[in-house]
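Each chain, letter by letter, is given below.
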Protein chains: 2
Amino acid sequence: MSQLYAETDHAPTLAKPDGVRLGALDEFVGFTLRLAQEASFAAFARRTGEASLRPGRFAILVLIDANPGISQTELSAAAGRDKSTLTPALADLERRGLVERRRAPSDRRSYALTLTDAGREVLRTLSEHAAAHDRQLDALVGEENKAAFLATLRRIVAGLS
Amino acid sequence: MSQLYAETDHAPTLAKPDGVRLGALDEFVGFTLRLAQEASFAAFARRTGEASLRPGRFAILVLIDANPGISQTELSAAAGRDKSTLTPALADLERRGLVERRRAPSDRRSYALTLTDAGREVLRTLSEHAAAHDRQLDALVGEENKAAFLATLRRIVAGLS
DNA sequence: TATTGTTATACTCTATAACTATA
DNA sequence: TATAGTTATAGAGTATAACAATA
């Protein structure tokens, strides 16, 4: 396992070339959960294609959109990354005209982050891809199973936190 | 999203600090699937603790164990990584006495990889952690739901490949 | 003194391309 | 010529620590 139970920002897909055996992992929930998540990510990446932002950039847009005026420190906490990692990412997004940084009047050390119209447009396009992707997942899960499936996933999240 | 649909080798956990909103993603199967996989990975990492190998190393042991005598090129294909990345990883595992590399008699360019007794022992310990982890997941999923849950995950894997 | 954001530095994982030694 | 494995180099993502500006 490894990949087996690995998370994934640049997770290599776990290939299964002919003749290579994986051991008795197929019955494991954790292993199968990872394969499903990996397949879902790969399908989403294929779908967005060139429209894609890197995952970290996408996260930043989502979080700023949902929390306009957020500071970099708050954003770093929300994204689970150190604030020092946001400096180059935000510089890139600002350079591309997707994010605006204004000094907060109340505290001139910090920036208030907002999306530009272009940023909202990029986010909207990606969100449409995400919605289409989820419709595909819904079809695979099955209308009649969706509620139970989501409930089980949420029990896992809650039970392991 | 980002993280939202991100895969994960060093995926930061998607934190949800008080007051930070995430948007309307909570109903998305893909998003929830990712949260569950992430929670599962984090719990597994907590469980293994110091006994842990990095995910990539763990994968190598599993694959060699299941395919004794495999070559580095075959292993790299099975693990979904370039063969050049295996050189330092295998050097490390060999130095730690977990993996043995012998020149293949039939083709002296290649190595036949096998686990040492120590390597098998490490793998056994980690496999026990994995089994215990999966028993925890089984309990969260629920005996009566497990078959359907696994079937749904497999439909996702198959349907998106 | 404490906090916001930046910079310097480092570590991990990954990839491509050029190289060697065999085939 | 082609393949197995190595080395050199580079890029993305992350982290910690020290720093300047402001609180």
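The structure presented is a predicted model; accordingly, all values stated were derived computationally and were not measured. The residue numbering used here restarts from 1 in each chain and proceeds along that chain's sequence as written. Chain letters start at A and ligand numbers start at 1, both assigned in the order the entries are written. The model is predicted, so local features are restricted to residues of pLDDT at least 70 and side-chain atom pairs to those at 80 or more, both for listing and for counting; the totals for chains, interfaces and linings are taken over all residues. Water and hydrogen atoms were dropped before computing side-chain values, which therefore reflect all heavy atoms in the structure.

1. Points about the pattern of salt bridges
Thinking step 1. Throughout this description, the term salt bridge denotes a Lys or Arg side-chain nitrogen within 4 Å of a carboxyl oxygen of Asp or Glu. All chains considered together, the criterion is met by 20 salt bridges over all chains.
Thinking step 2. The residue Glu128(A) makes a salt bridge to Arg124(A) at a minimum N-O spacing of 2.7 Å. Taken together, the residues span about one helical turn, with Glu128(A) and Arg124(A) both in helix H5 (residues 117–141) at a distance of four residues.
Thinking step 3. Here Lys146(B) ties to Asp138(B) by a salt bridge, and the two come within 3.3 Å at their closest N and O atoms.
Thinking step 4. A relative accessible area of 22% means that Asp138(B) is categorised as partly exposed. Helix numbering and strand numbering both begin at the N terminus, where a helix is a DSSP run of H or I of at least 4 residues and a strand a DSSP run of E of at least 2. Think of it in three bands: with a 1.4 Å probe and only protein chains considered, a residue is buried below 20% of the maximum accessible area for its type, exposed above 50%, and partly exposed in between.

2. What about helix H1 (residues 29–48) of chain A?
Residues and elements named next belong to chain A.
Thinking step 1. A helix is expected to reach a length of 1.5 Å times the quantity of its residues less one. Over its 20 residues, H1 runs 28 Å from end to end, which matches the ideal 28 Å to within 8%, given 1.5 Å per residue.
Thinking step 2. Where burial is concerned, most of H1 is hidden: 15 out of the 20 residues are buried.
Thinking step 3. Immediately beyond the C-terminal end of H1, within one or two residues, lies Gly49, with a positive phi of roughly 50°.

3. Quick notes on the protein's contact with DNA strand D
Thinking step 1. If you check the shell around DNA strand D, you find 22 residues, and the closest are Arg81(A), Asp82(A), Thr73(B), Arg109(B) and Tyr111(B).
Thinking step 2. For DNA strand D, the fraction of atoms within 4 Å of the protein that belong to sugar or phosphate moieties is 69%.
Thinking step 3. Arg81(A) places a side-chain nitrogen or oxygen 2.8 Å from a phosphate oxygen of DNA strand D.
Thinking step 4. Side-chain classes follow a simple rule in which Ala, Val, Leu, Ile, Met, Phe, Trp, Tyr, Cys and Pro form the nonpolar group, Asp, Glu, Lys and Arg form the charged group, and the remainder, Gly included, forms the polar group. Considered class by class, the residues forming the surface near DNA strand D number two nonpolar, ten polar and ten charged. Here, proximity means that at least one heavy atom of the residue falls within 4 Å of the molecule or strand. Whenever two N or O atoms come within 3.5 Å, that pair is a polar contact, provided that in protein one can donate a hydrogen and the other can accept it, and provided that, for residues adjacent in sequence, both atoms are side-chain atoms.

4. Here's the deal with the protein's contact with DNA strand C
Thinking step 1. Near DNA strand C lie 22 residues; those nearest to it are Gln72(A), Thr73(A), Arg109(A), Tyr111(A) and Asp82(B).
Thinking step 2. Take the atoms of DNA strand C that sit within 4 Å of the protein: sugar and phosphate atoms are 68% of them.
Thinking step 3. At a separation of 2.8 Å, a phosphate oxygen of DNA strand C approaches a polar side-chain atom of Gln72(A).
Thinking step 4. In the environment of DNA strand C, a phosphate oxygen lies 2.8 Å from a nitrogen or oxygen atom belonging to the backbone of Arg108(B).
Thinking step 5. Of the residues assigned to the surface near DNA strand C, the class counts are two nonpolar, ten polar and ten charged.

5. Here's the deal with the packing of helix H2 (residues 55–66) of chain B against helix H3 (residues 72–79) of chain B
Residues and elements named next belong to chain B.
Thinking step 1. Viewed as axis vectors pointing N to C, H2 and H3 meet at an angle of 120°, and their least axial separation amounts to 10 Å. Taken together, the axes of H2 and H3 lie oblique to each other. As for the relative orientation of H2 and H3, their crossing is right-handed in sense. Note on element contacts: H3 touches H2 through Leu75, Ala78 and Ala79, opposite Ile60, Leu63 and Ile64.
Thinking step 2. Across the contact of H2 with H3, the residue classes break down as six nonpolar, no polar and no charged. Fitted lines through C-alpha atoms serve as axes, helices being fitted only where they are in contact, and the angles separating the N-to-C directions of these axes extend from 0 to 180 degrees. Any angle that is under 35 degrees is reported as roughly parallel, and any over 145 degrees as roughly antiparallel; angles of 65 to 115 degrees are reported as roughly perpendicular and all others as oblique. Left-handed describes a crossing whose near helix is turned anticlockwise from the far helix through less than a right angle; right-handed describes the clockwise counterpart. Here, residues are in contact when the closest pair of their heavy atoms is within 4.5 Å.

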